[in-house]
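# Coordinates in review
Residues per chain are reported as follows:
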Amino acid sequence: MKLCLLSWILAVLFQLINYNLSVLPREKSIYYVGAHGNFTWPRRELSVSLDGDIILGALHMVHERSEELTCGAIMSQGGIQALETMLYTLDFINRQADILPLVSLGMLAKDDCDRDIYGLEQAVDFIRGSIASIGGSDYTCQDGSTPDLNPKVIPGVIGAPSSVTSIQVANLLKLFKIPQVSFFSTSTVLSNRDRYPYFLRTIPSDVNQAQAMVELVRMFNWTYVSVIYEESSYGIQGFNELEKLLKQHGICVAMTEKLLKDSGVPSEEFYDHIVIRLKQTSNAKGVIIFGSDQEVGELMKAVRRQKATGMFSWIGSDGWGGRGLAYLGKEEQVEGAITVQPLAYEVKGFKDYFLNLTPFNNMRNPWFVEFWEQNFQCKFPGSSWTPFNEAYNTTCTGTEKIEPDTFIMEAQLQFVSDAVIAFAYALHNMHADLCGPMYHGVCADMDPVEGEVLKQYLMRVNFTGLSGQHFQFLPNGDGPARYRILNFRQTTPGVYKWETVGFFDNGHLVDISDLKFRLDQPDHPDSVCSYECGPGEATLFLEGSQCCWTCAKCHKYQYLPNPFKCEDCPPGWKPNGDKSECVLIPIIYLRYVDGMAIGAVAFSTIGIVITGYVTAVFLKYNSTPVVKASGRELSFVLLFGILLCYSMTFILILKPNSVVCGAQKFGIGLCFSVCYSAILIKTNRISRIFRAGKRTAKRPKFISPRSQLFITGAIVAFQNIIGVMWVLLRPPEAIFYFSSRADHQLVCKDAVGGYYMIGFSCPIILVVICTIYAILTRNIPEAFNESKYIGFTMYTTCIIWLAFVPIYFSTAYDIKLRIATMCYSISLSATVTLVCMFTPKLYIILTHPEKNVRKSMATHVTRTYMSNAAQPTTQSNAIMCGYSAVPVSSQIPNKMEMLQPVPQNPCLSRNDVQKNGNSISTQTLDSMDDLLNNKENSITL
């Protein structure tokens, strides 16, 4: 019951198939009225039919595809040669005693003209036996003829060559569980075991071919290529794999073009347009062509028409590499092409076999006469007329010879031979298991051969074919992924040849060498949209592209954190040579080894030595009148301040840190405050004494040494308060200062800007006041000439400071120069003070010790007084005028003279003194002051 139900279901399925085939858009034959006779084209009924115990089906693209004629001219390499390879291998199998010894193998081979619909129509003959076994006795032909009601069941089919045809045929054959082994179909779609469970192939899948092509692109370092693919499952699926792999490796596609195939045969203008577009993207010198020989041949003709020969480097698929239709007559255009071909070796003995074939000894191939006519351009006597042999004006004899030197053999015939042998070994193992090792013919268990079982045996075959290469199907039914890399080159002028230049095995290019583009240009051109940016240049991608960019040069102080953008180095850093990273700019600060520092240190050292010497002299002659008269206590204070000024150079040159910066902030004001506060007290004291002498005989207040030291200390203390507040409010610290991008200076924070003027504020005020006092006391009698030296000191100091301040602010960009300038200015100010204030005293002490006595000084004062007085004066008046009494009584005027009338102004005016040309030394003032404070020597009226 179940068997009957199954038969009924299959019968219904058969009727549906018949109906579907009847409504398919069939490729029609055309009836031609030729010049020499009438004929129908194409001739569907032609086939190779060889009898045997088991009959295999086969589809070959014997003819080219044609839009107008359905079937074009004979295809020599992929058509006739492939068909003859199959027949040659079949003969070999039937002769061998160890492959299929007990069973003969037959063949039914049809022509698909490289068209999917036409091939599908031809494949219907392969299922007739399967349909008849279901129950097709009611089948009747539409033309009324009697059908063959007992056709042979075909258990397996070899072919088709084209992927698009194989897909159509595989969909049909899987309904009847008929295994199909293709030898040229490489589409990745056919690897899908769920959709095509009965499809196998001896050639590897395009997945591997696409990977090999991309590896070639990477080997050339191409990043910008164009892709041309044919409009078929083979081309579309190949392009999909290419696109995925190219994107994965960061290679951009400049343009893509589709070669029409399934939808018709395009015109020349169509191909011309493709070449024009290629020329518009001329940077993409590398062009991948995933197509078949016929379409590529037409494309190369367009390359010649558009004068684009030599402009592009082609990387081709196995569909056209090494095939005559693609390059014959177009050698210059194809030159340099590199194609990927499944690794196949010559089928042993086939070349001799094929070269010995003639129309007389090859009657089983109904298309061989056509091949002969096309190859020798002649009409064979008695042959059927075709749209092609009508143009031949010569008659073939059948004795013509195919020259071995000009014979071009298809490079992939191994896969045809392996497909036949795979069936043979599978049937052999199946026969041994089901029928027994000694059973001749086909036993009941193999009649008919079940396709599902045969497929299992096919998947397990393992043999060495006629090419000498081992073969075994991969688990997905594909052939081993092995490829040969071919290069079409001009070996000598005018002589072109395809040569093997390497291999692709297990995902890697192997032994690639001696690639050539053109005879006069061996190296393949670059194929990049934009060349790699140079050192220090950022890659700025154009919008919407990952392979086209512009190069932007980074600025002097920018680096490249990555290849795509420039970034500024942090302050104090600069880029290295290739701008890959930032390196530290050498830190600059005033060092002892710098020329400016050496000069400043030398200057200060000499000043310290001289100051020490002056101090030692003053200490030694501490009790002498000159030292006492100069204001002994303030002189030592002044010497200490000068020493501090010289010492500041060593602090200013130290490497900046918090302690050093604090010492600088505190010291620059302190040293000057000590100096100028002492000078200020001196000038103030002189000024007050003389002003008081004009108004009163009373001694001025606060002119004693103790008072002077106290006032000096108060001024210095005020400066220290400023320093302490400055330190507290703005703590000292060393910072990096960048006056420019090329700068990296280590400085004290307050050295930047005008902050050091805070420390100089009090000294500046002191200098101004001292200078004012120096001006006010400029007319004091010459005998009081210390005011003159103070004046020299202050005038020179003002000049120094007037020069220093502009220099200080104008050197903000270079702290080293600013600090050095400050060192020189401080030391120079100290030197001026040291020279002007102490040189006259040292001169008397060291060179004229006879003048360093109290008597000479007092006598000089009295003589000056007596010679210039208009009226005798009293001792009191002398005291009132600021003059001390002299200790020698004989030199004092007598009482009578003292009792005479006194002028209204008891003191000599400064004008009177100046008119007489004499002056009173300020040193005498100090002696006089000493006498006033000395009770034993004072005179009381």
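Use the structure listed above.
Notes on the structure in this doc start here. (Residues numbered from 1 in each chain as written. Predicted model: local features only at pLDDT ≥ 70, side-chain atom pairs only at ≥ 80, totals over all residues. Heavy atoms only, no water.)

Extensive coverage of strand 4 (residues 54–60) is indicated by the burial of 7 of its 7 residues. A two-sided burial pattern is seen for strand 4, the buried positions comprising I54, L56, A58 and H60 on one face and I55, G57 and L59 on the other. The pairing of strand 4 with strand 7 (residues 105–111) spans 7 bridges and is parallel. Among the inter-strand pairings, I54 is bridged to a residue of strand 7, identified as L105. Taken together, the 2 bridges between strand 4 and strand 8 (residues 157–158) define a ladder with parallel strand orientation. Counted as the bridge partner of G57 is V157 from strand 8. (Buried < 20%, exposed > 50% of the residue type's maximum accessible area, 1.4 Å probe, protein only. Helix = DSSP H or I, 4+ residues; strand = E, 2+ residues; numbered from the N terminus. Pairing = 2+ DSSP bridges.)

This part covers the sheet that holds strand 9 (residues 180–182). The strand order across the open sheet built from 6 strands is 3-7-4-8-9-10, with neighbouring strands paired in mixed fashion. Looking along the sheet, the strands with just one partner apiece sit at the ends: strand 3 (48–50) and strand 10 (199–201). Contacts from helix 2 (residues 76–95) reach strand 3, strand 4, strand 7 and strand 8 within the one sheet, and its direction differs from that of strand 7 by about 170 degrees. (Contact = heavy atoms within 4.5 Å. Axes fitted to C-alpha atoms, helices over the stretch in contact; angles between N-to-C directions.)

What follows covers the nonpolar core. One broad trend across soluble globular proteins is that nonpolar side chains are buried collectively. Among the nonpolar cores identified, the biggest contains 70 residues, and M86, M107, I158 and F354 are the most heavily contacted of them. Among the elements that make up this core, the one with the highest residue count is helix 14 (residues 413–434) (12 residues). Ignoring sequence-local partners within four residues, the contact set of I158 consists of L56, G57, A58, L59, M86, M107, V181, F183, A419, V420 and F423. If you look at the next biggest cluster of nonpolar residues, it comprises 67 residues, including A597, I715, M822 and C823. (Core = buried A, V, L, I, M, F, W, Y, C linked by side-chain atoms within 4.5 Å.)

With that settled, the discussion passes to the sheet that holds strand 15 (residues 338–342). Strands pair in a sheet through their backbones, by hydrogen bonds, and they do so in one of two ways: parallel or antiparallel. Pairing in this open sheet of 8 strands is mixed, and the strands run 12-11-13-14-15-18-19-20 from one edge to the other. Each edge of the open sheet is held by one strand with a lone partner, namely strand 12 (252–259) and strand 20 (508–510). Geometrically, the sheet is characterised by an average inter-axis angle of 25 degrees between neighbouring strands, direction not taken into account. Here strand 18 (residues 482–492) pairs with strand 19 (residues 495–505) via 10 bridges, running antiparallel. Paired with N487 across the bridge in strand 19 is E499. Against the sheet, helix 8 (residues 268–280) touches strand 11 (224–230), strand 12, strand 13 (286–290) and strand 14 (313–316), its axis set at about 175 degrees to strand 12.

This part takes up the environment of S623. Here S623 is to be found in the loop between helix 16 (595–620) and helix 17 (625–629). Judged by its relative accessible area of 55%, S623 falls in the exposed class. Beyond its immediate chain neighbours, meaning those up to four positions away, S623 contacts K628 and R632.

One pass over the structure, following the stated rule, counts 8 disulfides. Between the sulfur of C569 and that of C582 lies a disulfide, 2.0 Å long from S to S. When the S-S torsion is -90 degrees, as for the bridge of C569 with C582, the disulfide is left-handed. On the criterion of sequence distance, the pair formed by C569 in the loop between strand 24 (565–568) and strand 25 (573–575) and C582 in strand 26 (residues 582–584) is long-range, its members being 13 residues apart. For C569, a relative accessible area of 3% corresponds to the buried category. For the unlinked cysteine C645, the closest cysteine sulfur is that of C671, found at 3.7 Å. (Disulfide = S-S within 2.5 Å.)

What follows is about unusual backbone geometry. Cis rather than trans, the peptide bond between W41 and P42 has omega equal to 0 degrees. Locating P42 in the fold gives a position in the loop between strand 2 (38–41) and strand 3. Here D447 and P448 are connected by a cis peptide whose omega angle stands at 0 degrees. Structurally, P448 can be placed in the loop between helix 14 and helix 15 (451–459). Of note in this structure, C113 is not a glycine but carries a positive phi near 50 degrees. Along the chain, C113 turns up in the loop between strand 7 and helix 3 (116–123).

Another point: the packing of aromatic side chains. Overall, the coordinates contain 32 aromatic pairs when judged by the stated rule. Grouped by ring-pair contacts, the aromatic residues Y88, F350, Y353, F354, F368, F371, W372, F376 and F407 constitute a single cluster. Across from the ring centre of Y457, 4.8 Å away, lies the NZ or CZ of R460, which sits over that ring. (Phe/Tyr/Trp six-rings, centres within 6.5 Å; stacked < 30°, edge-to-face > 60°. Lys NZ or Arg CZ within 6 Å of the ring centre and 35° of its normal.)

Bringing the layout of surface pockets into the picture now. By volume, the second largest pocket amounts to about 870 Å³. The wall of the second largest pocket is formed by 37 residues, among which E64, I74, L325, L328 and Q374 lie closest to the centre. Taken together, the elements giving at least two residues each to the lining of the second largest pocket come down to strand 5 (63–66), strand 6 (70–74), helix 2, helix 8, helix 9 (293–305), helix 10 (324–327) and helix 13 (368–376). At 6 residues, the largest contribution of residues to the lining of the second largest pocket is made by helix 9. Of the residues in the lining of the second largest pocket, the class split is 13 nonpolar, 12 polar and 12 charged. (1 Å grid on protein atoms, 1.4 Å probe; cavity = no way out; pocket = protein on both sides within 12 Å on 5 of 7 lines; lining within 4 Å. Points joined across faces, edges and corners; volume = space filled by probe spheres on them. Nonpolar A, V, L, I, M, F, W, Y, C, P; charged D, E, K, R; others polar.)

This next bit is on empty space enclosed by the protein. A full pass over the atoms with the stated rule returns 13 cavities of 30 Å³ or more. In this structure, the second largest cavity occupies an estimated 170 Å³ of space. Lining the second largest cavity are 16 residues, and of these M61, P161, S162, S292 and G319 lie nearest its centre. In terms of residue class, the lining of the second largest cavity is made up of 5 nonpolar, 5 polar and 6 charged.

A separate point is a nonpolar patch on the surface. Among the surface-exposed residues, I764, V768, I772 and L776 lie close enough to one another that they form a single nonpolar patch of about 330 Å² accessible area. Among the structural elements, L776 can be located in helix 21 (residues 756–776). (Patch = residues over 30% accessible without salt bridge, like charges linked within 9 Å, V, L, I, M, F, W, Y side chains within 5 Å. Areas by Shrake-Rupley, 256 points an atom, 1.4 Å probe, with all protein chains shown as cover. Salt bridge = Lys/Arg side-chain N within 4 Å of Asp/Glu carboxyl O.)

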